[in-house]
Amino acid sequence: MVARIYRPAKTAMQSGKAKTHRWVLDYEPEIAKSVEPLMGYTSSADMKQQIRLFFETQDDAVAYARRHGIPYRVEKAQDRRVRGSAYADNFKFNRVAPWTH
């Protein structure tokens, strides 16, 4: 079972960068999830999907995987890009879209 090492992205419910500085080691699923026919619950018999380990650095996560003989794949962290904009741009004369109430 291959482990995935990554730094999580900011969730849509956050305005800041909370919980995005630590690195996470997750296992990729070996068995597909199944839907229970009576109640419609989604479940899996793969218990390693419940394991999530947090590390301060990428090197710590890689060292842990190597020390325990876990095959791993590292995903590069993508930093968010902030586009600059000013409040005054809402009232520019040559706006692309008209601004109305």
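The structure contained in this document is the topic of the report that follows. (Residues numbered from 1 in each chain as written. Predicted model: local features only at pLDDT ≥ 70, side-chain atom pairs only at ≥ 80, totals over all residues. Heavy atoms only, no water.)

### With respect to the layout of surface pockets
In this approach the atoms are scanned with a rolling probe the size of a water molecule, which exposes any empty space left behind. Approximately 330 Å³ is the volume attributed to the largest pocket. Contributing to the lining of the largest pocket are 14 residues, with R7, P8, A9, Q78 and D79 lying nearest its centre. (1 Å grid on protein atoms, 1.4 Å probe; cavity = no way out; pocket = protein on both sides within 12 Å on 5 of 7 lines; lining within 4 Å. Points joined across faces, edges and corners; volume = space filled by probe spheres on them.)

### What to know about helix α1 (residues 58–67)
Since the α-helix advances by 3.6 residues per turn, residues separated by three or four positions end up pointing in the same direction. For α1, the complete set of buried residues consists of A61, V62 and A65. Each buried residue of α1 sits inside an arc of 95 degrees when the element is viewed along its axis, so together they form one side. Seen from the buried face of α1, the exposed residues on the opposite side, beyond 90 degrees, are D59, R66 and R67. In this structure, the buried residues of α1 make contact with β1 (3–6), β2 (23–27), β5 (52–55) and β6 (72–74). One or two positions beyond α1, positive phi appears at G69, with a value near 70 degrees. (Buried < 20%, exposed > 50% of the residue type's maximum accessible area, 1.4 Å probe, protein only. Helix = DSSP H or I, 4+ residues; strand = E, 2+ residues; numbered from the N terminus. Arc of directions from axis to C-beta. Contact = heavy atoms within 4.5 Å.)

### Overview of the environment of I51
Among the structural elements, I51 can be located in the loop between β4 (42–43) and β5. Beyond its immediate chain neighbours, meaning those up to four positions away, I51 contacts L25, D26 and Y27.

### Brief notes about the pattern of salt bridges
Taken as a whole and judged by the stated rule, the model has 4 salt bridges. When the shortest N-O distance is used, the salt bridge between E75 and R4 registers 3.4 Å. With E75 in the segment after β6 and R4 in strand β1, the pair connects residues that are 71 residues apart, well separated along the chain. R73 is the salt-bridge partner of E75, the closest N and O atoms lying 3.2 Å from each other. Given a relative accessible area of 36%, R73 falls into the partly exposed group. The network of salt bridges with common partners includes R4, E28, R73 and E75. (Salt bridge = Lys/Arg side-chain N within 4 Å of Asp/Glu carboxyl O.)

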